[in-house]
Amino acid sequence: MSVLVTGGGGYIGSHMVWHLTDAGEDVVVLDNLTTGFDWAIAPEASLVQGDCGDLDLLDRVIGENGVDAIVHFAGSIVVPESVADPLGYYLNNTVKSRTLIEAAVRGGVGNFIFSSTAAVYGTPETYPVSEDAPLAPESPYGRSKLMTEMMLADASAAHGFTYAALRYFNVAGADPKGRTGQSTRGATHLIKVACEAALGKRDSLTVFGTDYPTDDGTGVRDYIHVSDLVAAHGDALRYLRDGGANLVANCGYGHGFSVLEVVETVKRVSGDDFRVDLGPRRPGDPAAIVASRERISRELGWQPRFDDLDAIVASALKWEESLVRRNQR
Ligand SMILES: NC(=O)c1ccc[n+]([C@@H]2O[C@H](COP(=O)([O-])OP(=O)(O)OC[C@H]3O[C@@H](n4cnc5c(N)ncnc54)[C@H](O)[C@@H]3O)[C@@H](O)[C@H]2O)c1
Ligand SMILES: O=c1ccn([C@@H]2O[C@H](COP(=O)(O)OP(=O)(O)O[C@H]3O[C@H](CO)[C@@H](O)[C@H](O)[C@H]3O)[C@@H](O)[C@H]2O)c(=O)[nH]1
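As the structure is a computational prediction, the values presented were derived from the model and not from experiment.

**Examining the UniProt feature "domain: NAD-dependent epimerase/dehydratase" (unreviewed entry) in the chain**
And step 1. Following the UniProt record, one finds the feature "domain: NAD-dependent epimerase/dehydratase" (unreviewed entry) at residues 3-252.
And step 2. Taken end to end, residues 3-252 is 38% helix and 20% strand, and its first and last C-alpha atoms sit 24 Å apart.

**A few points about the side chain of Ser 116**
And step 1. Following the sequence through the fold, Ser 116 ends up in strand 5 (residues 111-117).
And step 2. The contact partners of Ser 116, leaving out residues within four places of it in the chain, are Lys 145, Glu 149, Leu 166, Arg 167 and Tyr 168.

**With respect to the packing of helix 1 (residues 11-22) against helix 7 (residues 226-241)**
And step 1. In the contact formed by helix 1 and helix 7, the axes pass within 9 Å of each other and the chain directions differ by 55°. One element, helix 1, and the other, helix 7, form an angle in the oblique class. In terms of crossing hand, the pair formed by helix 1 and helix 7 is right-handed. Where helix 1 approaches helix 7, its residues Tyr 11, Ile 12, His 15, Met 16, His 19 and Leu 20 are matched on the opposing element by Val 226, Leu 229, Val 230, Ala 231, His 233, Gly 234 and Leu 237.
And step 2. Tallied by class, the residues present in the contact of helix 1 with helix 7 amount to nine nonpolar, four polar and no charged.

**Comments concerning the sheet that holds strand 1 (residues 2-6)**
And step 1. Strands sit in the order 3-2-1-4-5-6-11 across an open sheet of seven strands; the sheet is parallel. Each edge of the open sheet is held by one strand with a lone partner, namely strand 3 (46-49) and strand 11 (247-251). This sheet shows a mean twist of 20° between the axes of neighbouring strands, independent of strand direction.

**Overview of the environment of Lys 145**
And step 1. When you line up the elements, Lys 145 lands in helix 5 (residues 140-159).
And step 2. The residues touching Lys 145, leaving out its near neighbours within four places in the chain, are Asn 93, Phe 114, Ser 115, Ser 116 and Thr 117.
And step 3. A distance of 2.9 Å separates a polar side-chain atom of Lys 145 from the backbone oxygen of Ser 115.

Definitions and limits used
Residues numbered from 1 in each chain as written. Chains lettered and ligands numbered in written order. Predicted model: local features only at pLDDT ≥ 70, side-chain atom pairs only at ≥ 80, totals over all residues. Heavy atoms only, no water. UniProt positions renumbered as here; feature names shortened; annotations may be inferred. Helix = DSSP H or I, 4+ residues; strand = E, 2+ residues; numbered from the N terminus. Contact = heavy atoms within 4.5 Å. Axes fitted to C-alpha atoms, helices over the stretch in contact; angles between N-to-C directions. Parallel < 35°, antiparallel > 145°, perpendicular 65-115°, else oblique. Left-handed = near helix turned anticlockwise from the far one by under 90°. Nonpolar A, V, L, I, M, F, W, Y, C, P; charged D, E, K, R; others polar. Pairing = 2+ DSSP bridges. Polar contact = N/O pair within 3.5 Å; in protein donor to acceptor, adjacent residues only side chain to side chain.

Quick look at the structure:
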C-alpha cells in the first residue's frame, strides 16, 4: 500500500510528503519539477520525474507501487497567469487531471484527494463561505479546478472510487521543523512576496487594489498555515480509507486579513520597514473570501494548531532566511 503524491516537489506537496513519511506511509512522488524541487522531497519518499498527463507512466507507477491513494497537488496555480494563458491552465489543471483520474480508475485506486481552491466561489455573497454557496469562479484558474471537481464526482459515481476535494484558502507559512517551505521562484503570493521584501530580496511590494468594498479597501483572504492544511489531508486520507463518503470541504480558518494587515504583520514580525506601493487591481482577483470551516471540522474532526497570523509569518520568514543562506552557499 502506498500513496502517490503528484506535485510532491512543490510548496504544499513537499509538506504533505513529510507529513506522510513522518506517519510511516510509503510515498511515491510524481513531479515534472517545473515549479518544484527534488531537494524539497523527504528522503524516505521516492521521486518519479514525469508528467501527470503521461498515462503510460501513471499506469506503471500505480501498478509497480501498489498505490491505494492519490493526493493530487500537481498543477498551475497563479490566478492572473491563468487570465493571460487560459488554455495552458485548462491543459495542465483540467486535461491532465482527467488523465490522472483515468489512470486511477484503470489501476483500481480507491481513494483520491484533490487540491481544489477557494477560487471556485469567486466573490461570495455571504461570509464566511460554506461549501453550498454558489460556484462562480472569476478566473480560468478557478474554472479549471471546478471542472476537475466535476470530473471526480462523475467518475466516482461511475467507477466507485471515493474522493475528497479540499478547497484551500490562502496557504502560507512553512514546516515548523524547517525541513521545507515555499521555495517557488518568482512567487506571486502575498506573504511570500512580503517576506522577500523584508529580507531585501525585492525592492518593494505593490498592493493590488485599494478600492475594494472592504474595510480598508484592500483584498481580504483567509490565510491557513500549510502544516494545518496537510494535517487536514492526513485526516481526509484516514477518513476515505475508513470508508467515508465523497467529501468536498473548505480548508481555512474562518477569518480574514486584508493586504494592508498582512503587510503590517510582516513588517512588525521582521522588524523591516520595506517600501510599499499602492497599485491598481490585479485581473481575476475577488475582493474578499473567508472560509466556513464547519464542515471539515465536523466530518474530519480537523483541529487547526497554527491559527495565528504572526506565527504563520514568522515561519515563512524563517524559511525565507534559510533560502537566502542556501543561495549564498
Ligand atoms: N498555494 C496556495 O495558496 C493554494 C491555494 C489553493 C489551491 N492550491 C493548489 O494546491 C496545489 C499545490 O500548490 P503549490 O502552492 O504547492 O504550488 P507549487 O507550484 O509549489 O507546486 C505544484 C507542483 O506540481 C508540479 N507540477 C505542475 N504541473 C505538473 C504536471 N503536469 N505533472 C507533474 N508535476 C507537475 C510542479 O513542479 C510543482 O512541484 C495546486 O494544485 C494549487 O492549485 C494552492
Ligand atoms: O504582491 C502582491 C501579491 C498579492 N496581493 C494581494 O494579496 C491577496 C492575496 O493574493 P495571493 O497571495 O496572490 O493569493 P490569491 O490570488 O488569493 O490566490 C491564492 O489563493 C487561492 C485560494 O484563495 C488559490 O487558489 C491560489 O492558487 C493562490 O495563488 C490578493 O488580494 C492580491 O491582490 C498584493 O496586493 N500584492
